[in-house]
Number of protein chains: 2
Amino acid sequence: MNHSGATAARLVRSARRLFAARGYDQASVRAITRGARANLGAVTYHFGSKWNLYAAVVDQMFATMADRLAAAADTPGPATVRIAGLVQAMFAFFADYPEAPRIMLHALARGGPPPEAALPHLRRNLTTITAVIRDGQAAGELRAVDPFLATFTLLSQSIWFAVARRVIASAAGRPLDGAPAAAAVARHITDVAVRGFRADPQGDLR
Amino acid sequence: MNHSGATAARLVRSARRLFAARGYDQASVRAITRGARANLGAVTYHFGSKWNLYAAVVDQMFATMADRLAAAADTPGPATVRIAGLVQAMFAFFADYPEAPRIMLHALARGGPPPEAALPHLRRNLTTITAVIRDGQAAGELRAVDPFLATFTLLSQSIWFAVARRVIASAAGRPLDGAPAAAAVARHITDVAVRGFRADPQGDLR
């Protein structure tokens, strides 16, 4: 098997489009190879099987997401600024990987455990974001919110906007297609999370 | 067509299970009627078509969600208490309709516009929740957050927990199956939203 090289990269791109549009079962090897301008045997030659090609698509996509979140978290500064950077990184990832939401939806709709290829990257995301929350808590900027649940608050809203954007726009009668709409939602997620997580300088307001 | 009666109700229940497990295309009329202990012609007799049966499933499910949110919003009290009630209503809905997350995932993964049958209920949810936010703003309890985005914050987290619960548990290595885990997440969503939305008695802390 040879995952590198131009043909393998074209197969990954073609497969990403087709797995997003049709789901794993309905995306045929024939359609994937045709989309990659490769011969029918290319999936077996480069990846061994359709499932391994799917794993390569998932691995590449979620590795990119995890790399971008890690890079955003790596920026020094107060927790509030780093949280804004994490949310922006999620929105930038979905802007650059328009197939990601539907690949995630198909995988979730199938049920069962998440693809093995995604798990290390999802775990890395949790580690990255909980560390930002813990740093903010250690610095006295953030209150003692559960770092795992704080991570859930940031990721869930960012992902749900990516996956349900069109349905939300239909229901709201409000166009949400463009980059300015996404930027406004990202700012809102950050703003509410920062206010929701921050330590209160005057003590607990409740 | 006759949507009422015991057979029609059994067809809706059987279809809900099969549309959730397999998606619209892969759920056969044969399997649906078998699951409802009805004859093969029962879907046509009671609903006219498989698509109309799907519409009936979606309509019944989302009408229930909208009714429960409206009932939660109808409770008098401060906005913070009503927000807690809205989040609890979402979690209670998903506990009672375990098929709802996968039906939503299949519909989203298919792409295209949301099912027509869902739209009036989704619009009603927006109206219900934005009214609670506006009431809280009029009473001076909540700051001038965009009511639509505030609604997004509450719904997106509640829905994402329902649809991705197992994947999140796998990634986090933390069981999230039971009612106590769901209750903790619901409390967290409420807590962060209330802190994120409320008017600051000492003026803007930022």
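Procedures and definitions
- Residues numbered from 1 in each chain as written.
- Chains lettered and ligands numbered in written order.
- Predicted model: local features only at pLDDT ≥ 70, side-chain atom pairs only at ≥ 80, totals over all residues.
- Heavy atoms only, no water.
- Axes fitted to C-alpha atoms, helices over the stretch in contact; angles between N-to-C directions.
- Helix = DSSP H or I, 4+ residues; strand = E, 2+ residues; numbered from the N terminus.
- Parallel < 35°, antiparallel > 145°, perpendicular 65-115°, else oblique.
- Left-handed = near helix turned anticlockwise from the far one by under 90°.
- Contact = heavy atoms within 4.5 Å.
- Nonpolar A, V, L, I, M, F, W, Y, C, P; charged D, E, K, R; others polar.
- Expected span 1.5 Å × (residues − 1).
- Buried < 20%, exposed > 50% of the residue type's maximum accessible area, 1.4 Å probe, protein only.
- Core = buried A, V, L, I, M, F, W, Y, C linked by side-chain atoms within 4.5 Å.
- Salt bridge = Lys/Arg side-chain N within 4 Å of Asp/Glu carboxyl O.
- Least-squares fit on C-alpha atoms with pLDDT ≥ 70 in both.
- Domains from an automatic or database assignment.
- Buried area = accessible area lost by both parts, 1.4 Å probe.
- Bend = angle between axes of the 7 residues up to and from the residue.
- Polar contact = N/O pair within 3.5 Å; in protein donor to acceptor, adjacent residues only side chain to side chain.

**Comments concerning the packing of helix α8 (residues 147–172) of chain A against helix α9 (residues 179–197) of chain A**
Residues and elements named next belong to chain A.
Here's step 1: Contact geometry for α8 and α9: axes closest at 10 Å, N-to-C directions at 160°. Classified by the angle between their axes, α8 and α9 sit roughly antiparallel to one another. The handedness of the crossing between α8 and α9 is right-handed. In this structure, α8 contributes Ala150, Thr153, Leu154, Gln157, Ser158, Phe161 and Arg165 to the contact, and α9 contributes Ala182, Val185, Ile189, Ala193 and Phe197.
Here's step 2: For the contact of α8 with α9, the class distribution of residues is eight nonpolar, three polar and one charged.

**Digging into helix α5 (residues 79–96) of chain A**
Residues and elements named next belong to chain A.
Here's step 1: With 18 residues, α5 extends 25 Å from end C-alpha to end C-alpha; this agrees with the ideal 26 Å at 1.5 Å per step.
Here's step 2: For α5, every residue scored as buried is listed here: Ala79, Arg82, Ile83, Ala84, Gly85, Leu86, Val87, Ala89, Met90, Phe91, Phe93 and Phe94.
Here's step 3: Looking at the packing, one finds that the buried side of α5 touches α4 (50–73), α6 (100–110), α7 (119–138), α8 and α9.

**Quick look at the nonpolar core**
Here's step 1: Counting residues in hydrophobic clusters, the biggest one holds 158 residues, and the most contacted among them are Trp160 and Phe197 of chain A together with Trp160 and Phe197 of chain B.
Here's step 2: Once residues lying within four places of it in the same chain are set aside, the contact partners of tryptophan 160 of chain B are Met104, Leu108, Phe152, Ser156, Ile159 and Trp160 of chain A together with Arg165 and Ile168 of chain B.

**Some thoughts on the pattern of salt bridges**
Here's step 1: On inspection of all chains with the given rule, the structure shows 16 salt bridges over all chains.
Here's step 2: As a salt-bridge pair, aspartate 96 of chain A and arginine 68 of chain A come within 2.7 Å of each other at their nearest N and O atoms. Linking aspartate 96 of chain A in helix α5 with arginine 68 of chain A in helix α4, this pair joins segments that are 28 residues apart in sequence.
Here's step 3: Exposure remark for aspartate 96 of chain A: the relative accessible area of 47% places this residue in the partly exposed category.
Here's step 4: Classification of arginine 68 of chain A by relative accessible area gives partly exposed; the value is 27%.
Here's step 5: A salt bridge links aspartate 146 of chain B to arginine 174 of chain A; its shortest N-O distance comes to 2.8 Å. One end of the pair, aspartate 146 of chain B, is in the loop between α7 (119–138) and α8 (147–172); the other, arginine 174 of chain A, is in the loop between α8 and α9, on a second chain.
Here's step 6: A relative accessible area of 33% means that arginine 174 of chain A is categorised as partly exposed.

**Thoughts on the relation of the copies chain A and chain B**
Here's step 1: Note on the copies: chain A fits chain B at an RMSD of 0.0 Å, the axial shift is 0.0 Å, and the rotation between them is 180°. The symmetry that links the two subunits is that of a two-fold axis. No C-alpha of chain A lies nearer the rotation axis than that of glycine 196 of chain A, which sits 2.3 Å from it.
Here's step 2: Same-surface contact between copies: 100% of interface residues of chain A are shared with the interface of chain B.

**Examining the domain arrangement of chain A**
All names here are of chain A.
Here's step 1: Partitioning chain A into domains gives domain 1 (1–48) and domain 2 (57–197).
Here's step 2: Here the C-alpha centroids of domain 1 and domain 2 sit 28 Å apart.
Here's step 3: Contacts between the two partners involve 11 residues from domain 1, matched on the other side by nine residues from domain 2.
Here's step 4: Of the roughly 820 Å² buried between domain 1 and domain 2 on both sides combined, carbon and sulfur atoms contribute 63%.
Here's step 5: For the domain 1 face of the interface with domain 2, the top three residues by lost area are Val12, Arg16 and Ala20, together amounting to 58%.
Here's step 6: Seen at the junction of domain 1 and domain 2, the total is two salt bridges.
Here's step 7: The residue inventory of the side of domain 1 that touches domain 2, partitioned by class, reads six nonpolar, one polar and four charged.

**Focus on α8 of chain B**
Residues and elements named next belong to chain B.
Here's step 1: Here α8 contains 26 residues, and its C-alpha end-to-end distance of 32 Å is more than 12% below the 38 Å for a straight helix at 1.5 Å per residue.
Here's step 2: For α8, the principal kink sits at alanine 164 and spans about 75°.
Here's step 3: Most of α8 sits out of view: 22 of its 26 residues are buried.
Here's step 4: By the N-cap criterion, in which a side-chain oxygen at the helix start approaches the backbone nitrogen of a residue two or three places on, α8 is capped by aspartate 146, the distance to phenylalanine 148 being 2.8 Å.
Here's step 5: Of the residues trailing α8, glycine 173 is marked for its positive phi of about 60°.

**What about the interface of chain A and chain B?**
Here's step 1: Between chain A and chain B, the contact holds 53 residues from the first and 53 residues from the second.
Here's step 2: Linking chain A to chain B there are 16 residue pairs in polar contact (both at pLDDT 80 or more).
Here's step 3: Breaking the side of chain A that touches chain B down by element, the ones donating at least two residues are α6, α7, α8 and α9 of chain A.

**Examining unusual backbone geometry**
All names here are of chain A.
Here's step 1: In the Ramachandran plot, arginine 37 falls in the positive-phi region, its phi being about 50° despite a non-glycine side chain.
Here's step 2: Tracing the backbone through its elements, the reader meets arginine 37 in the loop between α2 (29–35) and α3 (42–47).
Here's step 3: What makes arginine 37 exposed here is its relative accessible area of 65%.

**What to know about the side chain of serine 158 of chain B**
All names here are of chain B.
Here's step 1: Within the element layout of this structure, serine 158 appears in helix α8.
Here's step 2: Taking relative accessible area as the criterion, serine 158 reaches 1% and is therefore assigned buried.
Here's step 3: Beyond its immediate sequence surroundings of up to four residues, serine 158 is in contact with Val87, Met90, Phe91, Phe94 and Ile189.

**A look at the packing of α8 of chain A against α7 of chain B**
Here's step 1: For the pair α8 of chain A and α7 of chain B, interaxial distance at closest approach is 8 Å and the crossing angle is 75°. Here α7 of chain B runs roughly perpendicular to α8 of chain A, going by the angle between their axes. Judged by residue contacts, Val167, Ser170, Ala171 and Ala172 of chain A of α8 of chain A engage Leu119, Leu122, Arg123 and Leu126 of chain B from α7 of chain B.
Here's step 2: Of the residues that constitute the contact of α8 of chain A with α7 of chain B, the class distribution is six nonpolar, one polar and one charged.

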